[in-house]
Structures are given as C-alpha cells and as structure tokens.
Amino acid sequence: QVQLVESGGGLVQAGGSLRLSCEASGRTFSSYDMAWFRQAPGKEREFVAVIRWSSGDTYYADSVKGRFTISRDNAKNTVYLQMNSLKLEDTAVYYCAARVSRMLFSTQISAYDHWGQGTQVTVSS
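Throughout, a residue's number is its position along its own chain's written sequence, starting from 1. Totals for whole chains, interfaces and linings use all residues, but because this is a predicted model, local features are given only for residues with pLDDT of at least 70 and pairs of side-chain atoms are given and counted only at 80 or more. The side-chain quantities take in all heavy atoms of the structure and omit both hydrogens and water.

1. Re the packing of aromatic side chains
Between rings of Phe, Tyr and Trp, where Trp is taken as its six-membered ring, a pair exists when centres lie within 6.5 Å; planes separated by under 30 degrees are stacked, by over 60 edge-to-face, and by other angles tilted. Using the criterion set out here, one finds seven aromatic pairs in the structure. Plain terms: the ring middles of Phe37 and Phe47 are 5.8 Å apart, the flat faces sit at 80 degrees to each other, and that makes the pair edge-to-face. With a gap of ten residues between them, Phe37 in strand β4 (residues 32-39) and Phe47 in strand β5 (residues 46-52) connect regions that are remote in the sequence. Summarising the burial analysis for this pair, Phe37 and Phe47 share the class buried. Between the aromatic rings of Phe37 and Trp115, the centroid separation amounts to 5.0 Å while the plane-to-plane angle is 55 degrees, which identifies the pairing as tilted. Strands are runs of DSSP state E lasting at least two residues, helices are runs of H or I lasting at least four, and both sets are numbered from the N terminus onward. With a 1.4 Å probe rolled over the protein chains alone, any residue whose accessible area is under 20% of its type maximum counts as buried; one over 50% counts as exposed, and the rest are partly exposed.

The structure is reproduced here in structure tokens:
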C-alpha cells in the first residue's frame, strides 16, 4: 500500500525559505510522477510542481516558477520541495501526491491516485 508522509511545514516570514519532504513507501516509485499541490483557506487545491522519478524531469506552476524547486532522493525514497522567497500568498496546506507516469505530466487533482495528509505552511509579514 502506497503511503506518502509530508513534513517540514511551519511558520516563516515573507522572503524566507522552507523545505518540505515527502517520504514515500509501499512500492517502487521509479515509474511514478510525484507532485506537490497546495490548498489555501477558502480556495481550491492547486497544482504546484511535479517530478518524474525516473528521469528527474520537472514542471512548475507559473506562480512558483523560479522560487520553488522540486527534487527527489532515490536512496531515501523522498521527494522535496525547496521553497524560497516565500510570499504571503504561499500560505496553504501542502500535499504530496503520486501517480504512475504517463506520457505527459498532469496538473489535475483527479489524475493522482495517492495523497499524503498534508503539512501546513504559514508565511507571515
């Protein structure tokens, strides 16, 4: 059974940095795409970034491009989201998600089969 466990959230000032981790277990993830989504209070869950485990190819939402970096550590079966230059609008619960790789990346919530429980990121002024 696939299990995704996020960690690393917290309170940070605007302009600061945080690194989120998503530890994956339950199967071999070499054929998976791993993504981060986020959900701010009163808003819908939205795509943030995705990485193809096998190749390391990545794709980002425009709102985080140049500020966030997604990466993976094969030995630790962990995906990271390095978040720099954080803004107030980055405040949200951040979720890790996984799906078997297809030809194209997906930014759609419905495309992902497995989800973590989420970790809160709060950016203060």
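2. Re the sheet that holds strand β3 (residues 18-25)
Through backbone hydrogen bonds, the strands of a sheet pair up, either in parallel or in antiparallel fashion. Ordered in space as β1-β3-β8-β7, the four strands form an open sheet in which the pairing is antiparallel. The sheet is open, and its two edges are formed by β1 (3-7) and β7 (68-73), each paired on a single side. Each adjacent strand pair in this sheet contributes to an overall mean axis angle of 15 degrees, direction not counted. Paired strands, in this sense, are two strands between which DSSP finds at least two bridges. Simply put, an axis is a line fit to the C-alpha atoms, just over the touching stretch for a helix, and the angle between two N-to-C directions goes from 0 to 180 degrees.

3. Focus on the pattern of salt bridges
Basic side-chain nitrogens of Lys or Arg form a salt bridge, by our definition, when they fall within 4 Å of a carboxyl oxygen of Asp or Glu. Overall, the coordinates contain five salt bridges when judged by the stated rule. Asp33 is paired through a salt bridge with Arg52; the nearest N and O atoms lie 2.7 Å apart. Placement of Asp33 in strand β4 and of Arg52 in strand β5 is noted, with a sequence separation of 19 residues between them. For the pair formed by Asp33 and Arg52, the shared burial category is buried. Residue Asp62 is joined to Lys65 by a salt bridge in which the shortest nitrogen-to-oxygen separation is 3.1 Å. Relative accessible area serves as the criterion here: at 47%, Lys65 is assigned to the partly exposed category. One network of salt bridges, with partners in common, ties together Arg38, Glu46, Arg67 and Asp90.

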